[in-house]
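# Working through the structure, step by step
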Amino acid sequence: MTILLATDFAGDELTQWLTALRSALPGETLITERASCDAASVDIAIVANPPAGALAGLPNLKLIQSLWAGVDKLLRDASVPVDVPLARMVDPAMNAAMAETALWAVLSLQRGFFAYAQQQRVAQWQAHPQRRADETRVTVLGLGQMGRAVAQRLASNGYRVSGWSTRETQIDGIDARCGDAQLPRVLADAQIAINLLPLTAATTGLFDAGTFARMRRGPSFVNLARGAHVVDADLLAALASGQLQHAVLDVFATEPLPASHPFWSHPQVTLLPHVAAQTDPRSAAQVAACNVRALREGQALADLVDRRRGY
Ligand code: NAP
Ligand code: GLV
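Residues numbered from 1 in each chain as written. Chains lettered and ligands numbered in written order. Predicted model: local features only at pLDDT ≥ 70, side-chain atom pairs only at ≥ 80, totals over all residues. Heavy atoms only, no water.

This part is about the site of ligand 2. In the vicinity of ligand 2, the residues found are Trp68, Ala69, Gly70, Met94, Arg226 and His274. Gly70 places a polar main-chain atom, nitrogen or oxygen, 2.7 Å from an oxygen atom of ligand 2. Here an oxygen atom of ligand 2 and a side-chain polar atom of Arg226 are 2.8 Å apart. Here ligand 2, which alone exposes 200 Å², has 89% of that area covered by the protein. Looking at the shell around ligand 2, its residues break down into 3 nonpolar, 2 polar and 1 charged. (Near = heavy atom within 4 Å. Polar contact = N/O pair within 3.5 Å; in protein donor to acceptor, adjacent residues only side chain to side chain. Areas by Shrake-Rupley, 256 points an atom, 1.4 Å probe, with all protein chains shown as cover. Nonpolar A, V, L, I, M, F, W, Y, C, P; charged D, E, K, R; others polar.)

This is the structure in structure tokens:
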């Protein structure tokens, strides 16, 4: 049987993935072009932004393994077969990278380093009061693989961390809340709110004027999940009115972010080009290989997406 690698990778990036996957899956046939084999021989697809229709018409497909943690785009693609198990990328190396990005954002906000970077641009020498980590309340929205790692890293750095999920969960040192009824409470608490929710029908546009208004005046917002969680116009209005102080944004409704978008030059916005936690071929190829082996050996597949929940 054959594994189809269906991605938008090219050049060195594609070579790196092929090398990592071939080394993790010795003895497997791995192809990148559907046309190069009989469609009936493909039983596994490993995907990252697959070209439109790449997974349609594969009669023996038994596993779709995403190289991305978030599968919202795959779930929106009508050509992705709904009856084939879909596994998402769950890689401790990615969780660690996300925790580093969140720590950088929170530390920079706590100590005013983004404001000092703005001051440097205009040669302004001015110190601001120094806030301590243990007087900074951070709320992490989404306590899954990424959110949990972020919450734990922040707590171990001395921050006062609360979190929010749909199901009850316990994490040492974290004030974990769950369900829609608790959202106003966790929002009202936050001096810094970090979004690590999956993009689903329930979370699309969650960060709008109403949500920002539920927060105390002047917190900062960090979006490391998906751009469509945020209503951009409402975020800009909240920054303009002082309801929000600063936004750190890694993800955008349209990527790459168009050059004309006001976020690019906004003094209260710090931008990253969707790099908060990149999939690392060195570890992710091993994660994908585990599921390939599980399928071959008739074992349970790991990290399957619950299509009903959307994550
Ligand atoms: P995950 O393990 O599936 O965790 C999702 C968390 O969100 C869970 O705690 C879940 O709660 C909670 N949740 C889902 N819907 C909710 C709702 N309506 N209300 C409250 N809580 C809700 O996902 P993950 O691996 O941590 O990844 C999270 C997201 O990060 C991904 O979907 C992706 O969009 C994004 N991401 C971004 C990057 C980047 O580089 N920027 C990299 C990787 C991932 P329950 O489990 O209790 O239901
Ligand atoms: C990146 O955004 C991912 O979902 O892996």
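Within the largest apolar cluster, 54 residues are counted, with the highest numbers of intra-cluster contacts made by Leu21, Ile46, Leu154 and Ile194. Here this core spans two domains, and each of domain 1 (2–91 + 279–296) and domain 2 (92–271) adds at least three residues to it. Dropping the residues within four chain positions of it, Ile194 is found in contact with Ala102, Val106, Val138, Thr139, Val140, Leu141, Val150, Leu154, Val222 and Leu224. If you look at the next biggest cluster of nonpolar residues, it comprises 25 residues, including Leu183, Phe221, Leu249 and Phe263. (Core = buried A, V, L, I, M, F, W, Y, C linked by side-chain atoms within 4.5 Å. Buried < 20%, exposed > 50% of the residue type's maximum accessible area, 1.4 Å probe, protein only. Domains from an automatic or database assignment. Contact = heavy atoms within 4.5 Å.)

The next subject is helix α1 (residues 11–24). The terminal C-alpha atoms of α1, which comprises 14 residues, lie 20 Å apart, in line with the 20 Å expected from a rise of 1.5 Å per residue. Taken residue by residue, α1 has Trp17, Leu18, Ala20, Leu21 and Ala24 as its buried positions. Considering only its buried residues, α1 is in contact with β1 (2–7), β2 (29–31), β3 (42–48) and α9 (281–297). (Helix = DSSP H or I, 4+ residues; strand = E, 2+ residues; numbered from the N terminus. Expected span 1.5 Å × (residues − 1).)

All right, on to the site of ligand 1 then. The environment of ligand 1 is formed by 30 residues, the closest being Arg88, Thr166, Arg167, Asp250 and Tyr311. Taking Arg226, its side chain carries an N or O atom lying 3.3 Å from an oxygen atom of ligand 1. One nitrogen or oxygen atom from the side chain of Tyr311 is found 2.3 Å from an oxygen atom belonging to ligand 1. Summarising the interface, the protein chains cover 92% of the accessible area of ligand 1, which totals 930 Å² for the free molecule. Looking at the shell around ligand 1 element by element, the count peaks at 3 residues for helix α5 (residues 145–156). Per-class residue counts for the shell around ligand 1 are 16 nonpolar, 9 polar and 5 charged. For the shell around ligand 1, the domains that each give at least three residues are domain 1 (2–91 + 279–296) and domain 2 (92–271).

On the basis of which strands lie adjacent, the open sheet formed by 7 strands has the order β8-β7-β6-β9-β10-β11-β12 and parallel pairing. The open sheet has two edge strands with one neighbour each: β8 (175–178) and β12 (269–271). On average, each strand axis in the sheet is inclined to that of its neighbour by 15°, with strand direction left out of account. Of the strand pairs in this sheet, strand β6 (residues 137–141) and strand β9 (residues 192–195) are connected by 4 bridges, and their pairing is parallel. Bridge pairing in β9 places Val140 opposite Ile194. Along the sheet, α5 contacts β6, β7 (160–165) and β9; its crossing angle with β6, the most-contacted strand, is approximately 170°. (Pairing = 2+ DSSP bridges. Axes fitted to C-alpha atoms, helices over the stretch in contact; angles between N-to-C directions.)

Attention now goes to the pattern of salt bridges. Inspection of every chain in the model, using the stated rule, returns 9 salt bridges. Salt-bridge contacts for Arg296 lead to Asp43; the nearest nitrogen and oxygen are separated by 2.5 Å. Taken together, the residues span a long stretch of sequence, with Arg296 in helix α9 and Asp43 in strand β3 at a distance of 253 residues. The exposure class of Asp43 is buried, given its relative accessible area of 4%. Arg132 is the salt-bridge partner of Asp134, the closest N and O atoms lying 2.9 Å from each other. Arg132 sits in the exposed class, given a relative accessible area of 52%. Residues joined in a network through salt bridges with shared partners are Glu28, Asp43 and Arg296. (Salt bridge = Lys/Arg side-chain N within 4 Å of Asp/Glu carboxyl O.)

Function cannot be read off these values alone, since they describe shape.
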